[in-house]
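Take a look at the letters that make up each chain.
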Amino acid sequence: MKSHSSFPEKVLIIGSGIGGLSTAIILAKLGFDITVLEKNPKPGGLMRSYTRDGIECAVGVHYLGSLAQGQVLRKFFDYLGVTAAIPVTRMGQNGIIDRYIFDSSGNHPATFDLPPGMDAFEENLKQTFPAEQKKIAAIVDPIRKAAAQLHALDLLYSTGNDFSLLDQSRPLGEILDHLKCSPGLRSVLAVPASWIGVPLHDCPVYYHNMALASYVSSSWRLNRSGSDMADVLAARLKELGGEIITGAEVSQIHVRSRVVTGLQLTSGDRLTAAAVIGAVHPKIVLKMLPPQGAIRPSYRQRITGLEDTHGIFSVHARIDGDTHPEISHNIFKIETDRDGNVQDLRFYQIRKSEREGINLLSILTSGKNELWVPWENARSGRRGNDYLEAKERHALQLVREAEELFGSFKGLKILDAYTPLTIRDWVNSPGGSAYGVLRSSSQILATALLNRTSVKGLYLAGQNVMAPGIIGTIMGSFSTVKLILGADDFRKVIRL
Ligand SMILES: Cc1cc2nc3c(=O)[nH]c(=O)nc-3n(C[C@H](O)[C@H](O)[C@H](O)COP(=O)(O)OP(=O)(O)OC[C@H]3O[C@@H](n4cnc5c(N)ncnc54)[C@H](O)[C@@H]3O)c2cc1C
């Protein structure tokens with residue numbers, strides 16, 4: 001029996017990404033009767049990888065932060081009961097998590113290595129920028145505090161309201177201007193902001209610090225695939241009595257007098273429940289609601305007006321494993337302007353594949369939405385040959401560019417490339433946005449408390465609620481459960 005009596009027992013959750021599945025597991029553990037509806041044939045959303053030539057190609061999980069004992073993601077995985085079933089390898093054994101390689105045009109170092117551990121990070125910064133010791137201390141100190149807050153789960157357990165972070169909402173770019181940081185130091189600090197999809201001049205400092213802290217604290221790679229991670233979470237939910245219905249696209253959320261009554265699938269099937277959680281983008285939830293009367297016009301306006309993060313273009317290619325051995329850290333190639341602002345970046349991983357003697361090269365970069373406009377009105381699989389050719393050309397260009405760093409690739413075969421349109425159709429992300437709503441300083445108020453709607457019994461979960469990434473999204477799931485249970489009961493029944 002559920003442990004919280006005033007909330008309806010039956011809960012329907014839309015979407016089986018990490019947001020939907022983690023919310024489902026938390027509520028199932030508390031005794032709620034959970035059904036997850038997923039439009040795709042398999043659960044997992046962005047977590048799920050896909051197979052080409054017998055090789056697993058990652059989509060939304062390339063590495064994870066903070067899985068060491070006592071750190072935030074480890075606490076989450078332990079609570080969900082999946083730690084042992086998701087084997088991982090710690091990165092940074094060679095002292096490097098990420099290697100930043102800068103183009104030659106800017107006024108910055110040729111490379112910077114992001115090491116594991118806050119002390120090592122500070123030390124590397126100080127060695128690379130010896131004239132800026134005091135500025136570096138002023139920058140790293142808040143990142144250290146962010147790490148402590150993150151692992152102590154202050155965002156979930158603090159008794160202050162969620163607006164307490166507003167005093168840290170100043171853009172990092174503005175702080176670096178104020179400190180008069182050199183373009184070189186600025187370019188190094190600009191990488192994490194760019195990577196999470198927010199430009200430096202509009203990236204709230206707490207958001208940057210939390211994201212960076214989560215990886216510097218410890219970074220990990222999955223030993224098995226993203227699909228395997230999705231299957232582990234799905235199996236865990238079923239073990240707790242929850243149900244996942246795949247191939248079930250939700251088209252409408254039913255509301256009577258601003259109270260949820262259930263939902264309807266595109267098949268026409270109806271399910272009733274007094275509680276629905278949309279673990280999908282808020283704009284998608286909005287489309288499911290009756291056009292008039294269900295929600296306040298101000299709420300509709302706020303959600304419709306939200307700016308989203310950009311999309312991502314990604315290439316997977318197989319290469320000869322002996323000539324191009326696995327690289328245990330990530331590599332970023334970064335283009336900056338003369339002031340140290342990131343213009344564009346490439347992310348590279350070379351990893352062992354499931355096949356003997358073959359390694360997998362993965363490249364991620366900005367989606368360049370303008371390239372794909374001619375096909376934006378067609379769905380995946382129906383965009384025709386010219387789209388496939390444009391994708392292939394872009395992929396090949398990125399691979400050739402990668403050869404400037406790694407040397408000519410022996411045994412090269414491009415396995416697949418995906419565009420923002422692919423992501424848009426795969427998980428229903430507006431415009432193919434990779435990380436959902438833009439968590440910028442300019443949008444700080446509009447993006448606050450996104451899991452609360454004006455409809456009784458309707459909540460949101462997923463990456464849009466608090467922050468993207470596996471950590472941010474699961475944090476959002478706990479935050480939604482806190483909203484459902486009430487802060488006092490949450491503190492009593494959920495011990496992380
Ligand atoms: C290219 C890329 C690389 C990334 N790399 C990393 C990384 O290395 N590490 C990291 O921590 N994070 C990474 N992220 C971010 C991370 O993957 C996401 O933040 C997280 O997976 C989002 O989870 P979610 O549950 O909110 O959304 P999703 O995974 O998008 O789940 C939403 C689900 O809802 C379903 N759905 C949508 N509409 C409906 C409907 N009408 N009816 C039924 N179901 C519906 C979708 O099919 C989908 O399964 C990456 C993201 C991208 C795009």
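Owing to the predicted nature of the structure, the values given are computational and were not obtained by experimental measurement. Think of each chain on its own: its residues are numbered from 1, step by step along the sequence as written. Given that this is a predicted model, residues contribute local features only at a pLDDT of at least 70 and side-chain atom pairs are listed and counted only at 80 or more, while totals for whole chains, interfaces and linings are drawn from all residues. Computation of side-chain values covers all heavy atoms of the structure but excludes hydrogens and water.

What follows concerns the overall build of the chain. Helix and strand assignments come from DSSP, with helices taken as H or I runs of at least 4 residues and strands as E runs of at least 2, each series counted from the N terminus. Helices and strands together make up the secondary structure of the chain, namely 15 helices and 20 strands. Based on the C-alpha atoms only, the size of the chain along its principal axes is roughly 60 × 55 × 45 Å. When a residue's accessible area, from a 1.4 Å probe over protein chains only, is under 20% of the maximum for its type it is buried; when over 50% it is exposed; and in between it is partly exposed. The proportion of buried residues among the 496 residues of the chain is 58%. Contacts in the chain between residues at least 24 apart in sequence constitute 72% of all its contacts with a sequence separation of at least 6. Positive: Lys, Arg. Negative: Asp, Glu. His and the chain ends are not part of the count. By convention, the point assigned to a charge is CZ for Arg, NZ for Lys, CD for Glu and CG for Asp. Distance between charge centroids for the chain: 6 Å, based on 55 positive and 49 negative side chains. Residue contacts are counted whenever heavy atoms from the two residues lie within 4.5 Å of one another.

Here we come to the pattern of salt bridges. Salt bridge, as used here: a side-chain nitrogen of Lys or Arg that lies within 4 Å of a carboxyl oxygen of Asp or Glu. Scanning the model with the defined rule gives 28 salt bridges in all. Across the pair Arg424 and Asp425 runs a salt bridge whose closest N-O atoms are separated by 2.8 Å. Both residues of the pair, Arg424 and Asp425, count as buried. Three or more residues joined by partner-sharing salt bridges are found here, namely Asp119, Glu122, Lys126 and Arg144.

Turning to the domain arrangement of the chain, a few remarks are in order. What the domain assignment reports for the chain is domain 1 (10–46 + 225–306 + 447–493) and domain 2 (118–220). The source of the domain bounds is an automatic or database domain assignment. On a C-alpha basis, the centroid separation for the pair domain 1 and domain 2 is 31 Å. Listed as interface residues are 12 residues of domain 1 and, on the opposing side, 10 residues of domain 2. Using a 1.4 Å probe, buried area is obtained as the accessible area two parts lose upon being combined, added over both of them. Buried area between domain 1 and domain 2, both sides added, is near 1000 Å², and the carbon and sulfur share of it is 73%.

Right, let's get into empty space enclosed by the protein. Only protein atoms enter the calculation, which uses a 1 Å grid: trapped sets of points that fit a 1.4 Å probe without letting it out are cavities, open sets showing protein on both sides within 12 Å along at least five of seven lines are pockets, and any residue with an atom within 4 Å of a point is a lining residue. Grid points are joined across faces, edges and corners, and a volume is the space filled by probe spheres set on the points. Applying the stated criterion across every chain yields a total of three cavities of 30 Å³ or more. Of the pockets and cavities examined, the largest cavity occupies roughly 100 Å³. Looking at the largest cavity, the residues that line it are Tyr63, Asp98, Tyr100, Leu114, Val191, Pro192, Trp195, Ile196, Ala211, Leu212, Tyr215 and Phe332. Those elements that provide at least two residues to the lining of the largest cavity are β7 (98–102), α7 (183–195) and α8 (205–217). Each residue gets one label: Ala, Val, Leu, Ile, Met, Phe, Trp, Tyr, Cys and Pro are nonpolar, Asp, Glu, Lys and Arg are charged, and the others, such as Gly, are polar. Across the lining of the largest cavity, the residue classes tally to 11 nonpolar, no polar and one charged.

All right, on to α7 then. Here α7 is 13 residues long and its end C-alpha atoms lie 18 Å apart, about the 18 Å a rise of 1.5 Å per residue gives. What the bend at a residue measures is the angle between two axes, fitted to the seven residues ending there and to the seven starting there. Residue Leu189 marks the point of greatest curvature in α7, where the axis turns by about 30°; the proline Pro192 follows within four residues. Of all 13 residues in α7, 11 are buried, a share of seventy percent or more. Burial in α7 covers these residues: Gly184, Leu185, Arg186, Ser187, Val188, Leu189, Ala190, Val191, Pro192, Ala193 and Trp195. Looking at the residues trailing α7, positive phi occurs at Gly197, about 85°. A helix is expected to span 1.5 Å for every residue after the first.

Another aspect to go through is the packing of helix α1 (residues 18–29) against helix α9 (residues 226–239). Where helices are involved, their axes are fitted lines through C-alpha atoms of the stretch in contact, as for all axes, and angles between N-to-C directions lie from 0 to 180°. The geometry of α1 relative to α9 is characterised by a closest axis approach of 9 Å and an angle of 25° between their N-to-C directions. One way to sum up the angle between α1 and α9 is to call them roughly parallel. Taken as a pair, α1 and α9 cross one another with a handedness that is left-handed. Across the interface between the two elements, Ile18, Leu21, Ala24, Ile25, Ala28 and Lys29 of α1 pack against Met229, Ala230, Leu233, Ala234, Arg236 and Leu237 of α9. The residue makeup of the contact of α1 with α9, split by class, is 10 nonpolar, no polar and two charged. The cut-offs work like this: below 35 degrees is roughly parallel, past 145 is roughly antiparallel, 65 to 115 is roughly perpendicular, and the gaps in between are oblique. Left-handed describes a crossing whose near helix is turned anticlockwise from the far helix by less than a right angle; the clockwise case is right-handed.

Near the ligand, the surroundings consist of 38 residues, among which Glu38, Gly60, His62, Gln463 and Gly469 are the closest. Backbone polar atom of Tyr63 to a nitrogen atom of the ligand: 2.9 Å apart, as the coordinates give it. Backbone polar atom of Gly469 to an oxygen atom of the ligand: 2.8 Å apart, as the coordinates give it. Here the ligand loses 97% of its free accessible area of 1000 Å² to cover by the protein chains. Elements that contribute at least two residues to the shell around the ligand include exactly α1, α13 (420–427) and α14 (469–485). Counting residues per element, the shell around the ligand draws most heavily on α14, at three residues. A breakdown of the residues in the shell around the ligand according to their chemical character gives 22 nonpolar, 13 polar and three charged. Put simply, a residue is near a molecule or strand once any heavy atom of it comes within 4 Å of that molecule or strand. Counting of polar contacts relies on pairs of N or O atoms within 3.5 Å, with two restrictions inside protein: one atom must be capable of donating a hydrogen and the other of accepting it, and residues adjacent in sequence are counted only when both atoms are side-chain atoms. Per-residue accessibility takes into account occlusion by the displayed protein chains alone, with areas from the Shrake-Rupley method and a 1.4 Å probe.

This part covers the packing of helix α4 (residues 133–151) against α8. Contact geometry for α4 and α8: axes closest at 8 Å, N-to-C directions at 75°. Classified by the angle between their axes, α4 and α8 sit roughly perpendicular to one another. Of α8, the residues touching α4 (which contributes Pro142, Ile143, Ala146, Ala147, Gln149, Leu150 and His151) are His208, Asn209, Met210, Leu212, Ala213, Ser214 and Ser217. Per-class residue counts for the contact of α4 with α8 are eight nonpolar, six polar and no charged.

Within α13, burial applies to Pro420, Leu421, Ile423, Arg424 and Asp425. At its buried positions, α13 is contacted by β15 (312–320), α12 (384–406) and β19 (413–418). Its side-chain oxygen 3.0 Å from the backbone nitrogen of Leu421, Thr419 forms the N-cap of α13. Where α13 ends, the next residue or the one after it, Asn428, has phi of about 65°, a positive value.

Once that is clear, we can look at unusual backbone geometry. Positive phi, close to 55°, is recorded for Asp53, a residue that is not glycine. Located in the positive-phi region is Lys368, a residue other than glycine, with phi close to 45°. Relative to the helices and strands, Lys368 is located in the loop between β18 (358–366) and α12. Of the residues examined, Lys368 reaches a relative accessible area of 32% and is grouped as partly exposed.

Moving on to the state of the cysteines. Any two cysteine sulfur atoms lying within 2.5 Å of each other are counted as a disulfide. A full pass over the atoms with the stated rule returns zero disulfides. With no disulfide of its own, Cys181 lies 15 Å from the sulfur of Cys203, the closest cysteine sulfur.

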